[in-house]
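Residue-level listing of the chains:
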Amino acid sequence: MASWWRVFPRAARRYPWPTNVLLYAGLFSAGDALQQRLRGGPADWHQTRRVATLAVTFHGNFNYVWLRLLERALPGRAPRTVLAKVLCDQTVGGPIALSAFYVGMSILHGKDDIFLDLKQKFWNTYKSGLMYWPFVQLTNFSLVPVHWRTAYTGLCGFLWATFLCFSQQSGDGTVKSMFIFFLRKEAGDRPPEK
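Nothing here was measured: the structure is a model prediction, and the numbers come from that model.

Q: Can you help me understand the packing of aromatic side chains in this one?
A: The relation between two aromatic rings is expressed through the spacing of the ring centres and the mutual angle of the planes. Throughout the structure, instances matching the rule amount to 13 aromatic pairs. Between phenylalanine 122 and tryptophan 123, the ring centres sit 5.0 Å apart and the planes meet at 80°, which makes this aromatic pair edge-to-face. According to the relative accessible area criterion, phenylalanine 122 is buried, its value standing at 11%. Look at tryptophan 123 and you get exposed, because its relative accessible area is 57%. Taking 5.2 Å as the distance between ring centres and 75° as the angle between the ring planes, the aromatic pair formed by tyrosine 132 and tryptophan 133 counts as edge-to-face. Taking relative accessible area as the criterion, tyrosine 132 reaches 22% and is therefore assigned partly exposed. Through pairs of rings, three or more aromatic residues link up here, namely Tyr24, Phe28, Phe101 and Tyr102.

Q: Explanation requested: helix α4 (residues 79-109) in the structure shown.
A: Each full turn of the α-helix corresponds to 3.6 residues, which orients residues three or four apart in the same direction. Here α4 spans 42 Å end to end across 31 residues, near enough to the 45 Å set by a 1.5 Å rise per residue. The sharpest bend along α4 comes to roughly 40°, located at aspartate 89.

Cut-off values and rules
- Residues numbered from 1 in each chain as written.
- Predicted model: local features only at pLDDT ≥ 70, side-chain atom pairs only at ≥ 80, totals over all residues.
- Heavy atoms only, no water.
- Phe/Tyr/Trp six-rings, centres within 6.5 Å; stacked < 30°, edge-to-face > 60°.
- Buried < 20%, exposed > 50% of the residue type's maximum accessible area, 1.4 Å probe, protein only.
- Helix = DSSP H or I, 4+ residues; strand = E, 2+ residues; numbered from the N terminus.
- Expected span 1.5 Å × (residues − 1).
- Bend = angle between axes of the 7 residues up to and from the residue.

Here's what the structure looks like:
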């Protein structure tokens with residue numbers, strides 16, 4: 001019986017689209033589960049299922065197609081090319097993915113105003129993403145083989161999904177709101193000083 005470490009790379013080369021999309025969706029969903037765990041409440045598997053649904057139906061597929069499109073439009077790993085890809089990703093791909101997340105989650109939650117979270121949190125979340133994603137994509141476009149780029153984005157997306165799902169449920173799209181939440185939670189969990 002072949003080990004996962006041998007089977008997985010072959011699957012990624014032979015069936016790159018489904019392998020990358022499923023890996024991306026699994027990691028993105030795990031980010032939601034982690035933020036729930038960090039918040040200290042009971043696991044909300046309905047929420048995680050909504051995140052997984054959005055990751056499989058849109059985000060994983062979008063990232064796969066988007067990263068391939070960028071490689072076709074701007075082939076190679078020369079420094080100028082990599083910087084152009086990062087710029088395109090942050091000005092086009094990032095806003096599309098972020099908008100799809102907030103609107104998609106609102107649809108899956110059955111909210112009346114599916115654009116409310118987007119209107120309230122987009123700019124803060126986008127600015128927060130600019131502190132993370134350009135560095136991720138710089139590494140991605142310069143070091144990661146094309147057939148692994150969506151999976152790599154999913155791996156880095158695990159941390160982003162933890163923040164994004166927190167923001168969607170109880171934050172305002174800023175990293176600061178997440179830190180404040182956890183500092184207050186930590187302060188509340190400590191025994192009183194004598």
